[in-house]
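Listed below, chain by chain, are the residues.
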Amino acid sequence: MLIPRSAMTDKTIQPPIHQAAAAGDVEKLRKLLKGGLFSKPVDVDLLNNKFWTPLILAAHEGKLEAVKVLIEHKATLDVADEGGSTALHIACKFGHADIARYLLDAGAEALDGLGTPLLWAVSSNKPQCVKLLLERKADHTAKDESNKTALAIAKEKRFDDIMALFRDVSGFVPSLH
């Protein structure tokens, strides 16, 4: 399907596959990905005007069933936008632990773009994602652009429940620096 160039520069207009992913419309996603008598299948990793794939957008919107359909159709798990964010980063930033779990189970990696998914989950105060990532042995020693670890961020922001997760899940408290 050809998207007019004007549509790609308009922040409100998205390609149909992105619209379906954001809405969690799995029937439309399947149709677009399968193609039909008069249309070719849409690329599962098609980028929108923000350089997001449908998978990143579904993760952002918390649409687990859409995430599952996209992965069934071989969406690339670790495609990063121009800032280095993957679907896992976005799921963790917005607290979609169910999606983060599914992505990790499917083989997504906690890549370091502009911070790891753990740093994003801590900074956004998303304890369920922090717990999941710590249970999956996320690198708690990674530092953000300000040279702070996830625990240092939690302490600075006074996220006591997240600081407790480092003790409960890890069994120890990593360095605060």
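On a predicted model such as this, the values are computed, not experimentally measured, just so you know.

Explain the nonpolar core here, please?
Where a protein is soluble and globular, its nonpolar side chains tend to be buried together. By size, the foremost hydrophobic cluster in this structure holds 54 residues, and its most contacted members are Leu 29, Leu 55, Leu 70, Leu 103, Leu 118, Val 122 and Val 130. Considering every element that reaches this core, the biggest residue donor is helix H5 (residues 64-72), with six residues. Each residue touching Leu 118, except ones within four places of it in the same chain, is listed here: Val 130, Leu 133, Leu 134, Ala 138, Asp 139, His 140 and Ala 150.

Help me understand unusual backbone geometry, please; the structure alone is not making it clear to me.
Backbone phi values are negative for most residues with the exception of glycine, while trans is the configuration of most peptide bonds. A positive phi angle, close to 70°, is found at Lys 74, a residue other than glycine. With respect to the secondary-structure elements, Lys 74 resides in the loop between H5 and helix H6 (87-93). Residue class for Lys 74 comes out exposed when judged on its relative accessible area of 66%. Phi angles above zero are rare outside glycine, and Arg 158 is one such case at about 60°. Within the element layout of this structure, Arg 158 appears in the loop between helix H10 (150-156) and helix H11 (160-170).

Any chance you could explain the environment of Leu 55 here in plain terms?
Locating Leu 55 in the fold gives a position in helix H4 (residues 54-61). Each C-alpha atom of the pair Leu 55 and Asp 45 lies 7.6 Å from the other, and the pair is 10 residues apart in sequence. If sequence neighbours within four positions are ignored, Leu 55 has contacts with Val 67, Leu 70, Ile 71, Ala 75, Thr 76, Leu 77, Ala 87 and Leu 103.

Whenever I open this one, the confidence of the model for the protein confuses me. Can you help?
Close reading of the predicted structure is inappropriate where its pLDDT is low. Mean pLDDT over the protein: 87, with 86% of residues reaching 70 or higher. Per-element confidence in the protein ranges from a low mean pLDDT of 40 for helix H1 (residues 5-9) to a high of 98 for H5. Taken together, the stretch residues 1-10 has pLDDT below 50 and engages in 11 contacts with residues farther than four places along the chain or on a different chain.

About the cut-offs
Residues numbered from 1 in each chain as written. Predicted model: local features only at pLDDT ≥ 70, side-chain atom pairs only at ≥ 80, totals over all residues. Heavy atoms only, no water. Core = buried A, V, L, I, M, F, W, Y, C linked by side-chain atoms within 4.5 Å. Buried < 20%, exposed > 50% of the residue type's maximum accessible area, 1.4 Å probe, protein only. Helix = DSSP H or I, 4+ residues; strand = E, 2+ residues; numbered from the N terminus. Contact = heavy atoms within 4.5 Å. pLDDT = per-residue confidence, 0-100.

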